[in-house]
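Notes for the structure review
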Amino acid sequence: MWEEESVNPTNIIHGSFTDPTSLFVTSNGDIYVDDGEENGQVQKWNAETNTFVTVMNVDSSCFGLFVDINDTLYCSMRSHHQVVKKSLNEPVMTPNCIAAGTGIFGSASNQLGGPCGIFVDVNLDLYVADSHNNRVQLFQPGESSSITVAGSGSLNPTITLSRPTGIVLDAGKYIFIVDYGHDRIVGSDRTGFRCLVGCYGMGSKSNQLDHPSSFSFDHSGNIFVTDYWNHRIQKFFLMKDSFALSFNQPKFCSTASWKSNGITIANRSIVGKNLTIIFVNTNNTIYVANQENSTIFIWYEGSVDPIKIIHGNFTEPTSLFVTSNDDIYIDDGDKNDRVQKWSAETNTFVTMMNVNSRCGGLFVDINNTLYCSMPDDHQVVKRSLNESVMNSNHVAAGEVMKGSASNQLNGPRGIFVDVNLDLYVADSYNHRVQLFQPGISDGITVAGSKSLYKTIELDYPTEIILDAEKYLFIADQNNHRIVGSDVNGFRCLVGCYEVGSQSNQLNFPSGFSFDRYGNIFVADQSNHRIQKFQYYEESCGRFRMIE
């Protein structure tokens, strides 16, 4: 036992239990520990008397223990495919009752397959990490049939799990899970599930896990993980300011619309030929790269002309990304095989990533991981910017060979990584948008060709953005338009009047970005200009639907 802030254990308790696989501590300091494998029992260490006593007889190890608000003790028996329980208020040790499972391995709603971690909330709802079925099951009081709330067989989209072994609910009843087979801890919130820690593949580095088995939160929100095959306990600190968007993610109503006629805010004399890049940050600062003269132009909000011009030694960049501290990451891969960062603090460029080709898209996620989509190599690669040395890149999506299978890409361009670390890829030559969930090599088509659900026909998509509600917005380049989705599906937003150079037309748009008011800025590539399409505030009634 470690008391708060102690470096070494402050108390060591010796017992006669053998090979325990779980324990639970009640609010009075009593410890319940599994002793089922050899001795067929659950023992309690009494904090008042410093003695052990048998409180439950079991037929196997308890891979999860829990004491609910009514003083009922639960034991999940992985080898018996059941969860059993008994009241601790009874004066004699009565037989156990079945809380979940039939005792026969199966995946039906009343069955379990190798249950591990368990959690019982104040409503006496029992949540079970149904490990061999790759799911989390909810058993409500008095019900033998369960509901899948995460993983395989869930009625609602959740997350793919591999042998979950532990589960905790937070105060808002959001679910946090040890995803043992994927070497990570995942959690949910109002936007869905995401990876929390162990999001960089199996390993022994400080940002990796190797088959974690259980975890727990402290009162500050830090996560403690039993990292099974690394033979260690890892503490992951909660970052109080962990999420600072550098780009705008407006929230629109289903009737949102934009003025069909755009305003040209920069032409070829500034942006050069074949403009492909535009980025608007949360301060409404506009960043544009000129391929012809290796410069970055910056407009502050309200300025008509560029306020700042940065000269660099990059060659024909095709993408850039700006972080919340105003550092600029810019593609320099076509000629120089690298991604450079311009530091806002030092006003200097430094190489941040080595690549084999140009980056059709760049992105820095909430964990400070840099992504580059390589259209010539048909892959998306990534590397952590937290590493002190520039290690080799990891493959985030795509095989070595181009193709249209679920694990392949063909000329990927724009990319977007949300707070769940879900990676969205504009898979240009496959005319689709692919979603790659953390640790999963197979993508899901969420828009365009071969989508499981009817979405929209795309022709060479080049850029993608998610709004605050996770709806998709796409630069549909060869259809010369920007399209977006809402609760009613996809629709054309701007550039809906065929190819051309008039104010309501686009000519091979390559990129776009929102400002914080919901206006759309488009890199209108073959017209060599930046077009601004103003958001109609009146289109959502009297209330603006912008966060």
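Residues numbered from 1 in each chain as written. Predicted model: local features only at pLDDT ≥ 70, side-chain atom pairs only at ≥ 80, totals over all residues. Heavy atoms only, no water.

With respect to the overall build of the protein
Which entries qualify depends on this criterion: Secondary structure elements are taken from DSSP: a helix is a run of H or I of four residues or more, a strand is a run of E of two residues or more, and numbering for both begins at the N terminus. Between buried and exposed lies partly exposed: a residue is buried under 20% and exposed over 50% of the maximum accessible area for its type, with that area taken using a 1.4 Å probe on protein chains only. Two residues form a contact once any of their heavy atoms are found within 4.5 Å.
Within the protein, the secondary structure is distributed over three helices and 43 strands. With the C-alpha coordinates of the protein rotated into their principal frame, the extents come out at 90 × 45 × 45 Å. Looking at the protein residue by residue over its 547 residues, the buried ones come to 53%. Long-range pairs, those at least 24 residues apart, make up 43% of the contacts in the protein between residues at least 6 apart in sequence.

Looking at a nonpolar patch on the surface
So the rule is basically this: Patch construction takes residues with relative accessible area above 30% that form no salt bridge. Like charges are linked within 9 Å, and nonpolar side chains (Val, Leu, Ile, Met, Phe, Trp, Tyr) are linked within 5 Å. All accessible areas in this document rest on Shrake-Rupley with a 1.4 Å probe, and a residue is counted as covered only by the protein chains that are shown. Here, a salt bridge means any side-chain nitrogen of Lys or Arg that lies within 4 Å of a carboxyl oxygen of Asp or Glu.
Where nonpolar side chains cluster on the molecular surface, the patch consists of W2, F224 and I233 and spans about 330 Å² of accessible area. Along the chain, the position of I233 falls in strand β19 (residues 232–236). I233 sits in the exposed class, given a relative accessible area of 54%.

Overview of the sheet that holds strand β41 (residues 509–514)
Hydrogen bonds between backbone groups are what pair the strands of a sheet, and the pairing can be parallel or antiparallel. We count it as follows: What makes two strands pair is DSSP finding at least two bridges between them. Lines fitted to C-alpha atoms define the axes, with helix axes restricted to the stretch in contact, and inter-axis angles between N-to-C directions lie between 0 and 180 degrees.
Taken in spatial order, the four strands line up as β20-β43-β42-β41 in an open sheet, and their pairing is antiparallel. The open sheet has two edge strands with one neighbour each: β20 (263–266) and β41. Within the sheet, the average angular offset between the axes of one strand and its neighbour, ignoring direction, is 30°. As paired strands, strand β42 (residues 520–524) and strand β43 (residues 529–533) are joined by five bridges and run antiparallel to one another.

Considering the confidence of the model for the protein
Worth spelling out the cut-off: Think of pLDDT as the predictor's per-residue confidence, scored from 0 to 100.
Across the protein, pLDDT averages 92, with 98% of residues at or above 70. Segment residues 542–547: pLDDT under 50, and 18 contacts once partners within four positions in sequence are set aside and those in other chains are kept.

Some words on the domain arrangement of the protein
The following threshold applies: As used throughout, domain bounds are those supplied by an automatic or database domain assignment. Buried area, as used here, totals the accessible surface that two parts lose on assembly, with accessibility defined by a 1.4 Å probe and the loss added over both. Within 3.5 Å is the distance limit for a polar contact, defined as a pair of N or O atoms, with the added protein rule that one can donate a hydrogen and the other accept it, and that residues adjacent in sequence qualify only through two side-chain atoms. Charged residues are taken to be Asp, Glu, Lys and Arg, nonpolar residues to be Ala, Val, Leu, Ile, Met, Phe, Trp, Tyr, Cys and Pro, and polar residues to be all remaining types, Gly included.
Its domain assignment divides the protein into domain 1 (23–236) and domain 2 (257–536). With 12 residues of domain 1 at the contact, the number on the domain 2 side is 14 residues. Across the interface of domain 1 and domain 2, roughly 1100 Å² is buried in total on both sides, 41% from carbon and sulfur atoms. Our count for the domain 1 to domain 2 interface comes out at zero salt bridges. Along the contact surface separating domain 1 from domain 2 lie one residue pair in polar contact (both at pLDDT 80 or more). Looking at which element gives the most residues to the side of domain 1 that touches domain 2, the answer is strand β16 (residues 192–197), with four residues. Tallied by class, the residues present in the side of domain 1 that touches domain 2 amount to four nonpolar, five polar and three charged.

Let's talk about the packing of aromatic side chains
Heads up, the rule is: For this analysis, a ring pair means two rings from Phe, Tyr or Trp (six-membered ring only for Trp) whose centres lie within 6.5 Å, classed as stacked if their planes differ by under 30 degrees, edge-to-face if by over 60, and tilted for the remaining angles. Two conditions define a charge located above a ring, namely a distance within 6 Å from the ring centre to NZ of Lys or CZ of Arg, and an angle within 35 degrees of the ring normal.
Under the criterion given, the structure shown has 23 aromatic pairs. For the ring pair F247 and F321, a centre distance of 6.1 Å and an interplane angle of 70° mean the geometry is edge-to-face. In this pair, F247 sits in the loop between β19 and β20 while F321 sits in strand β25 (residues 320–322), placing the two residues 74 residues apart along the sequence. The exposure class assigned to F321 is buried, which follows from its relative accessible area of 3%. Residues F252 and F514 carry aromatic rings whose centres are separated by 5.4 Å and whose planes lie at 50° to one another, so their mutual orientation is tilted. One end of the pair, F252, is in the loop between β19 and β20; the other, F514, is in strand β41, with 262 residues separating them in the sequence. Taking the relative accessible area as the measure of exposure, F252 reaches 10% and is therefore buried. In this structure F514 comes out as buried when scored by relative accessible area, which is 1%. By the ring-pair criterion, three or more aromatic residues cluster together here, those being F247, F279, Y287, F321, F363 and F416. A cation over a ring is seen here: R78 above F63, with NZ or CZ 3.8 Å from the ring centre.

Topic: the pattern of salt bridges
In this structure the tally under the stated criterion is 17 salt bridges. The closest approach of N and O atoms between R358 and D376, which form a salt bridge, is 3.2 Å. With a gap of 18 residues between them, R358 in the loop between β28 (348–354) and β29 (361–364) and D376 in the loop between β30 (369–374) and β31 (379–384) connect regions that are remote in the sequence. Beyond isolated ion pairs, a larger network of salt bridges with shared partners links D121, D125 and K173.

A word on the UniProt feature "repeat: NHL" (unreviewed entry) in the protein
What counts here: UniProt positions are given in the numbering used here, feature names are shortened, and annotations may be inferred rather than shown by experiment.
As annotated by UniProt and renumbered to match this structure, "repeat: NHL" (unreviewed entry) occupies residues 103–142, 208–239, 402–439 and 505–536. Taken end to end, residues 103–142 is 0% helix and 40% strand, and its two terminal C-alpha atoms sit 17 Å from one another. The span residues 505–536 is 0% helical and 50% strand by assignment, and the distance between its end C-alpha atoms comes to 18 Å.

Examining the side chain of Q505
By the element assignment, Q505 lies in the loop between β40 (489–494) and β41. Looking at Q505, the relative accessible area reads 13%, which means it is buried. In terms of polar contacts, Q505 uses its side chain to reach the backbone carbonyl oxygen of V499, at 3.4 Å. Sequence-distant contacts of Q505, that is, excluding residues within four places in its chain, are made with Y497, E498, V499, G500, D524, N527 and R529.

Some remarks on unusual backbone geometry
Phi is positive for R163, close to 55°, though the residue is something other than glycine. Along the chain, the position of R163 falls in the loop between β12 (147–151) and β13 (164–169). By relative accessible area, R163 is classed as partly exposed at 34%. The backbone phi angle of H480 is positive, close to 60°, even though this residue is not glycine. Structurally, H480 is set in the loop between β38 (472–476) and β39 (481–486). Its relative accessible area of 10% is what places H480 among the buried residues.

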